Amino acid sequence: AAGMFLRLLSDIQWRAAHPKWRRMTSSQRSTSTTAEPHPVSLPAQAQVVICGGGIMGTSVAYHLSKMGFKDIVLLEQGRLAAGTTRFCAGIVSTARPVSIELKMAHYSNKLYQQLEQETGVQTGYTKTGSISLAQTQDRLISLKRIASSLNVMGIPCEIISPKKVLQLHPMINIHDLVGAMYVPEDALVSSANVSLALATAASRNGVQIHERTSVSHVTIQKGRVTGVETDRGRIQCEYFVNCAGQWAYELGHSGEEPVHIPVHACEHFYLLTHPLQEPLSNSLPTIVDPDGRIYIRNWQGGILSGGFEKNPKPLFTEGRNQLEIQNLQEDWDHFGPLLSALLRRMPGLEALQIMQLVNCPESFTPDMRCIMGESPTARGYFVLAGMNSAGISYGGGAGKYLAEWIVNGYPSENVWPLDLKRFGTLQSSRTFLRHRVMEVMPLMYDLKVPRWDFQTGRQLRTSPLYDRLDAQGARWMEKHGFERVKYFVPPGSDLLDLDHSKTFYKPDWFDIVGSEVKCCKEAVCVIDMSSFTKFEISSTGDQALESLQYLFSNDLDVPVGHVVHTGMLNEKGGYENDCSIARLSKRSFFMISPTDQQVHCWAWLKNRLPDDSNLVLEDVTWKYTALNLIGPRAVDVLSELSYAPMTAEHFPSLFCKEMSVGYANGIRVMSITHTGEPGFVLYIPIEYALHVYNEVMNMGQKYGIRNAGYYALRSLRIEKFFAFWGQDLDAFTTPMECGREFQVKLDKGMEFLGQDALLEQKQNGVYKRFTMFILEDHDTDMDLWPWWGEPIFRNDRYVGKTTSSAYSYTLERHVCLGFVHHFDEQTGEELVVTTDFINQGEYEIDIAGQRFQAKAKLYPFSSLFTQRRRKDEVELSGYQRE
Amino acid sequence: FYLTPPQVNSILKANEYSFKVPEFDGKNVSSVLGFDSNQLPANAPIEDRRSAATCLQTRGMLLGVFDGHAGCACAQAVSERLFYYIAVSLLPHETLLEIENAVESGRALLPILQWHKHPNDYFSKEASKLYFNSLRTYWQELIDLNSGETTDVREALINAFKRLDNDISLEAQVGDPNSFLNYLVLRVAFSGSTACVAHVDGVDLHVANTGDSRAMLGVQEEDGSWSAVNLSYDHNAQNEHEVERVKMEHPKSEEKSLVKQDRLLGLLMPFRAFGDVKFKWSIELQKRVVESGPDQLNENEYTKFIPPNYYTPPYLTAEPEVIHHKLRPQDKFLVLATDGLWETMHRQDVARIVGEYLTGVHHQQPIAVGGYKVTLGQMHGLLTERRARISSVFEDQNAATHLIRHAVGNNEFGTVDHERLSKMLSLPEELARMYRDDITIIVVQFNSHVIGAYQNEE
């Protein structure tokens, strides 16, 4: 029977070209046909060509055809569902820490459940439930956090005792457990059959499927996909979807203009056994034992068990190698530790007979999240790959979102965490990928505490001040390949302790960051913020202004030297980006946006700016080092260094001027700090960076200057109720929903993107509202700290989730930011959220199952602002994602 | 009585240490895969020392063994200090300036070395300030000298050795107001130590040797067999050139008394060494320092004793001989060891034993289930047994341990005889030194792929 499991797919006669799809039964499956079907010639053109006949490709085809696309061709180099999909363990699990991945898995589960009925193809769908075990208290906390988010989505889930585990699965050894999480609706499927069912349905809806056809490259002209070259001829097409799994990287690089898809394969092992003496019930729940690094599911009366080992074996770094695929062998010595963990968890299996150790490569991504979306450089080139070994859980939802993306221009949910454009060419180095996936694979089951960081592939992009800051005790985190300072360890502190104490509770750096914050409030601090994305837009005439006026919601026709905070909105009024734009001259603008906007923002602007050689868009990120001088004494430091008066009369807030600092001239000084504190950001041509930094530090000494990091910045901006794009703001959030109506100029005299949507919101009200919460009965020293993603309850009813949080050293309380919705008590329908609705409620924040009272506020504490500013000058922007 | 195999193992493994160079250290690809080191004491306490560190401000890795005599003070000091002197000698002018400025303004220093130490390898806390000040004086002089030329590794090694020996000598002459430190610097100066240090950077391997420890390269021939290449010359009476050198440096009248019974002045086995001021200072200086020194020193017969026929000091130098070798893909490993190893084993045997050990561990036959009926429990037992075998008597996890096992336990057939091993290890302290010397071994394994890639580039 095992042979069948692995072989059953290659035995299928796949008459893809037949318009009437032959209904398959299991009896037909096992009868192998010897004659090759005569290959039907490929069409000369199609609207969409999908490359890859695994779960991803078939799911995209299924959803596209359901959404009304007719002219679709799916190409598979071998047989359908014969790659990673064939070997997939078939566990559909919704317990995912990232909300969008959770939604995809939830949808997949519902889709697979009815797929057999819809298509007539047996999918082996069985609702077994799953149990995630915790061997430590910290693990239990992380499970409780996931349980909280499952519960508010209406997915049944409970934290159970070890005893209950034993009741649900009598073979489990529970003596070392502290608890577990039970998700009763998780399921098992035959992943290959799910894929075939999707293909069957797609084929009925008119999708043409061609096996044994491999794509050699995709042709791109003028930044658009024009067609696909295959070993059986060319197909012209409008859209191409790369679902090539572990070959996605190579396929992306096969054309003249590479599309960078950062995935890398690792070997993945799981064990199949013969049935037990008394065969295991096929309804027994799946066991996930992350502390033991293994999963165990029932399989044909026996078990299937694999895991994510500490020392993964990356492969295909040099590219595809057929020989190597065939030679992928069992490696029992490598599997040894996982086998020990399995026998420790289920000691009763000692006598169970081994059937096979399967070695099945899986593809992983640099940040453990899958990759979907459109190429930033080639329009119409879509990607869905890098499932980090959760392909079957994501397959349904991911295919749906990608289909929506092609059909509607964007999915129905915010998928930025999965967007291909979060990566650039810099994550495309094979060495980087090889090293990073060796870290990612064990991380699948490692405990992830707040603010964890990747350790591999570091020190790639650095500020010129890196070594200088490092020598002063800087501790680093990474964003988009750029090293950024978290905080500075004072001399004499025990460094090892700080690096090793990772916790869900109060962290060791609490006092360090506290003193940096204090210095920002009372004296002056320097934060190196060079990682921000910086663009310059200039033109010979008014083209720059005109284009920007259309692409941005605030009025950019301001006097030269003014800085404007504005959203870059989509048609629905949602934030594609949140920027500060300085008008350098009548015809040129300097635009600052978050670090990870480098690829997305570039593509957004390139695709929308008129094709006019007199209008130039330039990425100048690498040209400038940015130093943020925060604090009341920043003005003194700068005026002494420049011999220029810097007081509010001469240099008002939200102003930008090129001036000299020390010996260096041409420093762009902007009176913003991204925190609401007084101060300036200095944009320094990189060759002056060290000089200016030294001058600032020397001159600053008498004003008590010190270095500070992003943790201090975050505490400052959150207590001031500043939303950051990527953390709080996304493409589904409008300025109206986060109290930024003042940054929208509906009457600026010309049309802009998103205007209609915002007008409608202005008239009809908003359906969610960005709110600040002050935790009331939370003990900073003893209680679990909030992170983000915690459910918010109003009058004991779920109303939304937090998006970021920080300890406010000024308020001496935790502050959470998040969105409040208004769901109708009977129907669950979303209603307009009014100020009264926000203000007249009792709020609680759920941290890992424990609720804390919170006070809701729609405006920041005015007392926190040390300087009085004009209302419209109040700086409400900043960019960072923790 | 006999020691059981686990007891033998626990003695052999007490000082073993391994370091794997991470494939991704975030900076560059290293030609070194890692190293194994170990020590087996015969003296109590052991007089050998070992050191290993990665240079953080320049490229390359430093490894060294130090064989002390007349106590362990000198070997200890050299093991702590020498790599700093070498690293500083290699530093470019700007980095030296930066470091000096940092010290000057009380800022945090750039780290110079990343040490790879066994928990038993200690650093003297009390002397760190004194050592640091001497080192700082050295780099200040380097800054003032600023030759502007790029640093040659050979020269850097020679300068570092000579400078440190000079500092050891000066510190003893100047003394220290703190009586503990004062006694310490005198013990360092009056005891002695050899040093055999390797610097590996890409395909460039430099070995600087002072004394009778030895560096040996393990080379795998095309037919898979192993051969040994010496990368150092012993500085002792067996080395004609060395005897010749010593004779050249002293008047003809002393020719007969210079080397007696294969020893320098009839006393010292190594012909070059750190410390040993009794063979370096003038008689007046020795007397003055000993008399003004603490009572412990004054009462010590050894320190008071002036070598016979002592006319034209110095008789001893710490200046190393440096050999440069360009690594080739067939160069698989480097063994650095004190004479305790080399007097029991021929280098050819060392090359073979380490070579076979290193390839053997990696070429264990994979298991395949195939069509056999195997249960999970059986497989688990098999895997556990395979893992255990690797770490058992004949399969050490550390190449240096493996070598020591052979050095101490080999019978006339060249195989480890457990009985012999057990006997040798259970000798009482006072007898042990009669049958064997302290043994210290570092086995450095090279990455042939990286070395091959370097070669292709050139």
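The rules behind the values
- Residues numbered from 1 in each chain as written.
- Chains lettered and ligands numbered in written order.
- Predicted model: local features only at pLDDT ≥ 70, side-chain atom pairs only at ≥ 80, totals over all residues.
- Heavy atoms only, no water.
- UniProt positions renumbered as here; feature names shortened; annotations may be inferred.
- Helix = DSSP H or I, 4+ residues; strand = E, 2+ residues; numbered from the N terminus.
- Expected span 1.5 Å × (residues − 1).
- Bend = angle between axes of the 7 residues up to and from the residue.
- Buried < 20%, exposed > 50% of the residue type's maximum accessible area, 1.4 Å probe, protein only.
- Polar contact = N/O pair within 3.5 Å; in protein donor to acceptor, adjacent residues only side chain to side chain.
- Contact = heavy atoms within 4.5 Å.
- Pairing = 2+ DSSP bridges.
- Axes fitted to C-alpha atoms, helices over the stretch in contact; angles between N-to-C directions.
- Phe/Tyr/Trp six-rings, centres within 6.5 Å; stacked < 30°, edge-to-face > 60°.
- Lys NZ or Arg CZ within 6 Å of the ring centre and 35° of its normal.
- Core = buried A, V, L, I, M, F, W, Y, C linked by side-chain atoms within 4.5 Å.
- Domains from an automatic or database assignment.
- Salt bridge = Lys/Arg side-chain N within 4 Å of Asp/Glu carboxyl O.

- An unreviewed UniProt entry lists chain B under the name [Pyruvate dehydrogenase [acetyl-transferring]]-phosphatase 1, mitochondrial, with Loxia curvirostra given as the organism.
- The record held by UniProt for chain B lists under Subcellular location (unreviewed entry) the comment "Mitochondrion".
- For chain B, the Subunit (unreviewed entry) comment in UniProt is given as "Heterodimer of a catalytic (PDP1) and a regulatory (PDPR) subunit."

- Per an unreviewed UniProt entry, chain A goes by the name Pyruvate dehydrogenase phosphatase regulatory subunit, mitochondrial and belongs to Loxia curvirostra.
- Entered under Sequence similarities (unreviewed entry) in the UniProt record, the comment concerning chain A runs "Belongs to the GcvT family."
- Under the heading Subunit (unreviewed entry), UniProt records this for chain A: "Heterodimer of a catalytic (PDP1) and a regulatory (PDPR) subunit."

## Looking at helix α11 (residues 332-345) of chain A
Residue and element names in this part refer to chain A.
Part 1 of the reasoning: A rise of 1.5 Å per residue sets the reference length of α11, with its 14 residues, at 20 Å; its end C-alpha atoms lie 19 Å apart and thus fit the reference within 8%.
Part 2 of the reasoning: A bend of about 35° at L338 is the largest found in α11.
Part 3 of the reasoning: Within α11, 10 of the 14 residues are buried, which leaves it mostly tucked inside the rest of the structure.
Part 4 of the reasoning: W332, H334, F335, G336, L338, L339, A341, L342, L343 and R345 are the residues of α11 that are buried.

## A look at the side chain of H821 of chain A
Residue and element names in this part refer to chain A.
Part 1 of the reasoning: Assignment of secondary structure puts H821 in strand β39 (residues 813-821).
Part 2 of the reasoning: On the basis of relative accessibility, which here comes to 17%, the residue H821 falls in the buried class.
Part 3 of the reasoning: Reaching out from H821, the side chain makes a polar contact with the side chain of E830 at a distance of 3.2 Å.
Part 4 of the reasoning: The contacts of H821, once residues within four sequence positions are left out, are Y767, K768, V799, G800, E830, V833 and F837.

## Considering the UniProt feature "domain: Rhodanese" (unreviewed entry) in chain A
Part 1 of the reasoning: UniProt's entry tags residues 48-91 of chain A with the feature "domain: Rhodanese" (unreviewed entry), counted in the numbering of this structure.
Part 2 of the reasoning: The straight-line gap between the two end C-alpha atoms of residues 48-91 of chain A is 30 Å; of that span, 36% is helix and 20% is strand.

## A short note on the sheet that holds β39 of chain A
Residues and elements named next belong to chain A.
Part 1 of the reasoning: Sheet architecture is closed into a barrel: 6 strands sit in the order β36-β39-β38-β37-β40-β41, paired in antiparallel fashion. Taken over all neighbouring pairs, the strand axes of this sheet differ in orientation by 40° on average, direction set aside.
Part 2 of the reasoning: Across 6 bridges, the pairing between strand β38 (residues 797-808) and β39 is antiparallel. Looking across to β39, one finds that A806 is bridged to V815.
Part 3 of the reasoning: The sheet contacts of helix α21 (residues 710-719) involve β36 (768-775), β38 and β39, and relative to β38 the element is tilted by about 130°.

## Considering the packing of aromatic side chains
Residue and element names in this part refer to chain A.
Part 1 of the reasoning: As enumerated under the stated definition, the model contains 45 aromatic pairs over all chains in all.
Part 2 of the reasoning: An aromatic cluster of three or more residues is present, and its members are Y487, W509, F510, Y711, W785, Y807 and Y809.
Part 3 of the reasoning: The residue whose ring lies beneath K400 is Y107, and the NZ or CZ to ring-centre distance is 4.6 Å.
Part 4 of the reasoning: One Lys or Arg, R430, reaches over the ring of Y249 and ends 4.2 Å from the middle of that ring.

## Description of the nonpolar core
Part 1 of the reasoning: L82, F83, I86, L113 and F274 of chain B are the most contacted members of the largest nonpolar core, which totals 58 residues.
Part 2 of the reasoning: Considering each element in turn, this core owes the most residues, 12 residues, to helix α2 (residues 73-90) of chain B.
Part 3 of the reasoning: In contact with L82 of chain B, not counting residues within four places along its chain, are F66, A160, F161, L164, A195, V197 and F274 of chain B.
Part 4 of the reasoning: L74, Y112, I392 and W405 of chain A belong to the second largest nonpolar core, which has 51 residues in total.

## Quick notes on the domain arrangement of chain A
Part 1 of the reasoning: By the assigned domains, chain A splits into domain 1 (43-362), domain 2 (532-619 + 740-749) and domain 3 (766-881).
Part 2 of the reasoning: On a C-alpha basis, the centroid separation for the pair domain 1 of chain A and domain 2 of chain A is 42 Å.

## What about unusual backbone geometry?
Residue and element names in this part refer to chain B.
Part 1 of the reasoning: In this chain, A44 is followed by P45 through a cis amide linkage whose omega measures 0°.
Part 2 of the reasoning: Between P313 and the following residue, P314, the backbone shows a cis peptide bond with an omega angle of 0°.
Part 3 of the reasoning: Following the sequence through the fold, P314 ends up in the loop between α11 (301-304) and β14 (321-326).
Part 4 of the reasoning: The backbone of D262 shows a phi angle near 60°, a positive value even though the residue is not glycine.
Part 5 of the reasoning: Here D262 is to be found in the loop between β11 (259-260) and β12 (263-264).

## As for the pattern of salt bridges
Part 1 of the reasoning: Per the counting criterion, the structure on display carries 55 salt bridges over all chains.
Part 2 of the reasoning: Among the salt bridges present, the one from E158 of chain A reaches K164 of chain A, with a minimum N-O distance of 4.0 Å.
Part 3 of the reasoning: Judged by relative accessible area, which is 39%, E158 of chain A ranks as partly exposed.
Part 4 of the reasoning: The partner of D121 of chain B in a salt bridge is R50 of chain B, with the nearest N and O atoms 3.3 Å apart. Of the two residues, D121 of chain B is situated in the loop between β5 (113-115) and α4 (128-145) and R50 of chain B in strand β3 (residues 48-55); the sequence distance between them amounts to 71 residues. Neither residue differs from the other here; D121 of chain B and R50 of chain B are each classed as buried.
Part 5 of the reasoning: Counted as one network, the salt bridges with shared partners bring together D176, D289, R344 and R345 of chain A.

## Details of helix α16 (residues 510-522) of chain A
Part 1 of the reasoning: Between its first and last C-alpha atoms α16 of chain A spans 18 Å; for 13 residues at 1.5 Å apiece the expected length is 18 Å, and the two agree.
Part 2 of the reasoning: Taken together, the buried positions of α16 of chain A are F510, I512, V513, G514, E516, V517, C519, C520 and K521 of chain A.

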